[in-house]
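Chains, contacts and geometry: an overview
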Amino acid sequence: MGQTTADVPGLLPEGMELPPARQGERALARRRRAAAYGMLAPGGIYLILGFVVPLVIIVYTSLTSGGLFSSGGQLTFTWEWSNYQTAVQDYSQFYLRSILYAGIATTVCICLAYPMAYWIAFYGGKWKATLFMMILVPFFVSFVIRTVQWNFILGTNGLLLGPLKSLGVIPEDFRVLRTPLAVVAGITYNYMPFAALPLYVSLERVDRRLVEAAKDLYATKAMAFRKVVLPLTVPGIFAAIILTFVPATGDYVNASVLGGTGTTMIGQIIQEYFLAKHQYSIAAALSVILMVGMLIIALIYAKALGTEDSTLAAGAAA
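First, a word on what this report is: a plain description of the structure on this page. (Residues numbered from 1 in each chain as written. Predicted model: local features only at pLDDT ≥ 70, side-chain atom pairs only at ≥ 80, totals over all residues. Heavy atoms only, no water.)

**Here we look at the overall build of the protein chain**
How we decide: Each helix is a run of DSSP H or I of at least 4 residues and each strand a run of E of at least 2, with the numbering of both proceeding from the N terminus. Accessibility here uses a 1.4 Å probe with only protein chains present; expressed as a share of the type maximum, an area under 20% marks a residue as buried, one over 50% as exposed, and anything in between as partly exposed. The contact criterion used throughout is that any non-hydrogen atoms of two residues lie within 4.5 Å. Using a 1.4 Å probe, the Shrake-Rupley method yields the accessible areas, and only the shown protein chains count as cover for residues.
Of the regular secondary structure elements, the protein chain holds 13 helices and 2 strands. With 318 residues in all, the protein chain has 34% of them scored as buried. For the protein chain, restricting intrachain contacts to residue pairs at least 6 apart in sequence, the fraction spanning at least 24 positions comes to 66%. Here the protein chain displays about 19,000 Å² of accessible surface, and carbon together with sulfur accounts for 69% of that area.

Written out as structure tokens, the structure is:
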């Protein structure tokens, strides 16, 4: 109703031009679209070069045969699906162990980070920025250095166990290093900020008036938390799970530094095939299986919860 031919493209009489005002509006709309695409271009190029291209190369490599030390001395694309069969048959236990360690570490991270993020968001007051920055402090130290220092803390006669053994609290032969406990503890420590940041963002976005309304309706603090705060922060919890679980599953530094022969994770196997054995086809197949597994988990999460709120929490945390 009320629409003229000038408002609909292609309906202008032949030889008739748009009024200058309408021409200006269309030119402005085109400039805005061009500006939007221009702002997206750097990020899009970065994602293509840093994610899509390497992913294609990895998938391509996983279907090749040969290698640096083969008779031909090069990789040949032969649709070698047996690489995936070898990866699954020989290393399924390492996938399961990695998922188990990452799952335990992620659960511990959420249980420890949620109360911390909750207190900062609701009771931090003017110290919120300072307390929030303290979460980021570990990132200012190298990941490897942060992991290696746990050797001194968890060593047989280190800062933690040494005094306890001297006091007779634990036996002399008690040890933590080279055990699953040490690996999980290292993963938990290193990936704690990945859980805390989206949780804090999600809690900070909770409207305090809703909590006050729940209390006005005679809800206790525990009930207000359970019925109001917790449901509103579920997207942040799932974002924290994804940001923590996915990199923890592929981690190999903690298992290499703190673990032993019985704590090998799939990341170590991939690293060994890439850098030590130079069997790139098997290494790429192992990597693709790991990526597909993480993608399936992310799709299940997206299907169950949706992506809008959780993406905002994860993006703000990043």
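Okay, back to it.
**With respect to the pattern of salt bridges**
Rules: A side-chain nitrogen of Lys or Arg and a carboxyl oxygen of Asp or Glu constitute a salt bridge if their distance falls within 4 Å.
Summed over all chains, the structure comprises 4 salt bridges. Among the ionic pairs, Glu204 bridges to Lys128, the shortest N-O distance being 3.3 Å. In this pair, Glu204 sits in helix α6 (residues 180-204) while Lys128 sits in helix α3 (residues 128-136), placing the two residues 76 residues apart along the sequence. Its relative accessible area of 32% is what places Glu204 among the partly exposed residues. Arg209 is the partner of Asp207 in a salt bridge, and the nearest nitrogen-oxygen pair spans 2.9 Å. Look at Asp207 and you get partly exposed, because its relative accessible area is 29%.

**Digging into the packing of helix α7 (residues 208-216) against helix α8 (residues 221-232)**
Heads up, the condition is: The axes are straight lines fitted to the C-alpha atoms, using for helices just the contacting stretch, and the angles between their N-to-C directions are given from 0 to 180°. By convention the crossing between two helices is left-handed if the near helix lies anticlockwise of the far one by an angle smaller than a right angle, and right-handed if it lies clockwise. Under this grouping Gly is polar, as are all residues other than the nonpolar Ala, Val, Leu, Ile, Met, Phe, Trp, Tyr, Cys and Pro and the charged Asp, Glu, Lys and Arg.
Running from N to C, α7 and α8 point in directions that differ by 145°, and their axes come no closer than 9 Å. Note on packing geometry: the crossing formed by α7 with α8 is right-handed. From α7, Leu210, Val211, Ala214 and Lys215 reach across to α8, where they touch Lys221, Ala224, Val228, Val229 and Leu232. Tallied by class, residues from the contact of α7 with α8 come to 7 nonpolar, no polar and 2 charged.

**A few points about the nonpolar core**
Short version of the rule: Among the buried residues, those of types Ala, Val, Leu, Ile, Met, Phe, Trp, Tyr and Cys that are joined through side-chain atoms within 4.5 Å form a nonpolar core.
Core analysis: the largest hydrophobic core is formed by 25 residues, its most contacted members being Phe122, Leu199, Leu203 and Val211. Within the residue set of this core, elements represented by two or more residues are α2 (82-123), α6, α7, α8 and α9 (234-249). For this core, the element with the highest residue contribution is α2, accounting for 8 residues. Beyond its immediate sequence surroundings of up to four residues, Phe122 is in contact with Leu203, Val206, Arg208, Val211 and Val229.

**What to know about the packing of α2 against α9**
Contact pair α2 / α9: the axes reach a minimum separation of 9 Å and the direction vectors enclose 140°. Handedness of the crossing formed by α2 with α9: right-handed. Across the interface between the two elements, Ser98, Ile99, Ala102, Gly103, Thr106, Cys109, Ile110 and Tyr114 of α2 pack against Ile237, Ala240, Ile241, Thr244, Phe245, Ala248 and Thr249 of α9. Class assignment for the residues of the contact of α2 with α9 results in 10 nonpolar, 5 polar and no charged.

**With respect to the packing of aromatic side chains**
Here is the rule: For this analysis, a ring pair means two rings from Phe, Tyr or Trp (six-membered ring only for Trp) whose centres lie within 6.5 Å, classed as stacked if their planes differ by under 30 degrees, edge-to-face if by over 60, and tilted for the remaining angles. By the criterion adopted, a ring carries a charge over it if an Arg CZ or a Lys NZ lies within 6 Å of its centre and within 35 degrees of its normal.
One pass over the structure, following the stated rule, counts 15 aromatic pairs. Ring geometry for Trp150 against Tyr189: centres 5.4 Å apart, planes inclined by 65°, an arrangement best described as edge-to-face. Taken together, the positions of Trp150 in helix α4 (residues 143-154) and Tyr189 in helix α6 put the pair 39 residues apart, joining distant regions of the chain. Relative to Tyr280, the ring of Phe274 has its centre 6.1 Å away and its plane inclined at 35°; by these criteria the two rings are tilted. In this structure an aromatic cluster arises from ring pairing among Tyr60, Phe77, Trp79, Trp81 and Tyr84. When the ring centre of Phe122 is taken as origin, the NZ or CZ atom of Arg208, which lies over that ring, is 4.2 Å away.

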